[in-house]
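# A closer look at the structure
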Amino acid sequence: YKNGAKISLDVTSKPFEVKSKLLGDVFNTKIMFNTGFDGLTKTSLSFKTKRLTCLNGNKSWKNDVSLSFKNTIGNVGKVLILIDELTQIDHQIESYQEDLNRLTTIEYKKEDVNRFFKNLLGFDFTDYKEQGKKSRNIFDKINESVAIEEKELGMTAYTLLQGVTRAFGQGTDESYLFGAN
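## Looking at the overall build of the chain
- Of regular secondary structure, the chain possesses five helices and four strands.
- Going from the N terminus to the C terminus, the chain shows its helices and strands as β-β-β-β-α-α-α-α-α.
- Put simply, of all contacts in the chain between residues at least 6 apart along the chain, 52% involve residues at least 24 apart.
- Carbon and sulfur atoms make up 54% of the accessible area of the chain, which totals about 10,900 Å².

## Quick word on the packing of aromatic side chains
- Evaluated as defined, the whole model comprises nine aromatic pairs.
- Consider the rings of Phe 125 and Phe 139, whose centres lie 5.1 Å apart with planes at 85°: the pair is edge-to-face. Here the residue Phe 125 occupies a position in the loop between α3 (110–121) and α4 (133–153), and Phe 139 occupies one in helix α4, the gap between them amounting to 14 residues.
- On the basis of relative accessibility, which here comes to 2%, the residue Phe 139 falls in the buried class.
- An aromatic cluster is built from Phe 116, Phe 117, Phe 123, Phe 125, Tyr 128 and Phe 139, whose rings are joined through pairwise contacts.

## A few points about the packing of α4 against helix α5 (residues 157–167)
- In the contact formed by α4 and α5, the axes pass within 8 Å of each other and the chain directions differ by 130°. On the basis of their axis angle, the class for α4 and α5 is oblique. Pair α4 / α5 crosses with right-handed handedness. Here Lys 141, Ile 142, Ser 145, Val 146, Ile 148, Glu 149, Glu 150 and Leu 153 of α4 lie close against α5, whose contacting residues are Tyr 158, Thr 159, Leu 160, Gln 162, Gly 163, Val 164, Arg 166 and Ala 167.
- Across the contact of α4 with α5, the residue classes break down as eight nonpolar, four polar and four charged.

## Remarks on the environment of Asn 75
- Within the element layout of this structure, Asn 75 appears in the loop between β4 (59–69) and α1 (76–87).
- Look past the residues within four positions of Asn 75 in its chain and what remains in contact with it is Phe 69 and Lys 70.

## Looking at the nonpolar core
- Ranked by internal contacts, the top residues of the largest apolar core, which has 15 residues, are Phe 16, Val 18, Phe 27, Leu 100 and Tyr 158.
- In contact with Val 18, other than residues within four places in its own chain, are Asp 25, Phe 27, Leu 100, Asn 101, Thr 104 and Tyr 158.

## Overview of the pattern of salt bridges
- If you walk through the whole model with that rule in mind, you get eight salt bridges.
- The shortest N-O distance in the salt bridge between Lys 14 and Glu 94 comes to 3.4 Å. A residue pair is termed long-range when its members are at least 10 positions apart, and Lys 14 in strand β1 (residues 6–17) and Glu 94 in helix α2 (residues 89–103) qualify at 80 residues.
- Overlapping salt bridges bring together Asp 25, Arg 51, Glu 149 and Arg 166 as one network.

## Brief notes about the packing of α3 against α4
- Following both chains from N to C, one finds α3 and α4 inclined at 140°, their axes separated by 12 Å at the closest point. As summarised for this structure, α3 and α4 are arranged oblique, according to the angle between their axes. α3 and α4 meet at a crossing whose hand is right-handed. The segment α3 lies against α4, with Lys 110, Phe 116, Phe 117, Leu 120 and Leu 121 engaging Ile 138, Phe 139, Ile 142, Asn 143 and Glu 150.
- Tallied by class, the residues present in the contact of α3 with α4 amount to seven nonpolar, one polar and two charged.

## Points about the confidence of the model for the chain
- Overall, the predicted model of the chain reaches an average pLDDT of 82, with 85% of residues at or above 70.
- Here residues 174–181 is modelled with pLDDT under 50, and outside its nearest four sequence neighbours on either side it reaches 25 contacts, counting other chains as well.

## Overview of the side chain of Thr 35
- Inspection of the secondary structure assignment puts Thr 35 in strand β2 (residues 26–36).
- Given a relative accessible area of 9%, Thr 35 falls into the buried group.
- Side-chain polar atoms of Thr 35 contact the side chain of Thr 43, separated by 2.7 Å.
- When neighbours within four sequence positions are excluded, Thr 35 is seen to be in contact with Ala 5, Lys 6, Ile 7, Thr 41, Lys 42, Thr 43 and Asn 71.

The rules we used
- Residues numbered from 1 in each chain as written.
- Predicted model: local features only at pLDDT ≥ 70, side-chain atom pairs only at ≥ 80, totals over all residues.
- Heavy atoms only, no water.
- Helix = DSSP H or I, 4+ residues; strand = E, 2+ residues; numbered from the N terminus.
- Contact = heavy atoms within 4.5 Å.
- Areas by Shrake-Rupley, 256 points an atom, 1.4 Å probe, with all protein chains shown as cover.
- Phe/Tyr/Trp six-rings, centres within 6.5 Å; stacked < 30°, edge-to-face > 60°.
- Buried < 20%, exposed > 50% of the residue type's maximum accessible area, 1.4 Å probe, protein only.
- Axes fitted to C-alpha atoms, helices over the stretch in contact; angles between N-to-C directions.
- Parallel < 35°, antiparallel > 145°, perpendicular 65-115°, else oblique.
- Left-handed = near helix turned anticlockwise from the far one by under 90°.
- Nonpolar A, V, L, I, M, F, W, Y, C, P; charged D, E, K, R; others polar.
- Core = buried A, V, L, I, M, F, W, Y, C linked by side-chain atoms within 4.5 Å.
- Salt bridge = Lys/Arg side-chain N within 4 Å of Asp/Glu carboxyl O.
- pLDDT = per-residue confidence, 0-100.
- Polar contact = N/O pair within 3.5 Å; in protein donor to acceptor, adjacent residues only side chain to side chain.

Next comes the structure, spelled out in structure tokens:
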């Protein structure tokens, strides 16, 4: 576009399903590549995923990885690295799927949630009241989102990951609950 001065390419990869308790927990993936020859445009590469978050079709693309740099003579080698990454995308998606599947097998107990928050935020339930309003709001948002995910996914590391993703994505609105109409 822009009379040949810019190039934009979206490559959709094969969808994959995570072996969670939720039947049809499918992710779509795509790579977005942008560059230009106008002296102003930077080169960028993004890997995005979209999870079917409920049976009523609520979906959103999440930017998992983004790389970008200015188009200068010194950065020519970086384009070659990006192209190499693109050629390996199927293997990387399979590795990502394996990682998510592995998370579905790691179970936790309610007692472990305290340690999760301590590692994630630097404080847990016992330190909650000493925290500032912003920190408490973040804590509450993640806690609510994890509770929503637990309803369908059970108590696994995958649940915790999806809870954090939900907290900073679509939020804790009950209309995003799996199967809600």
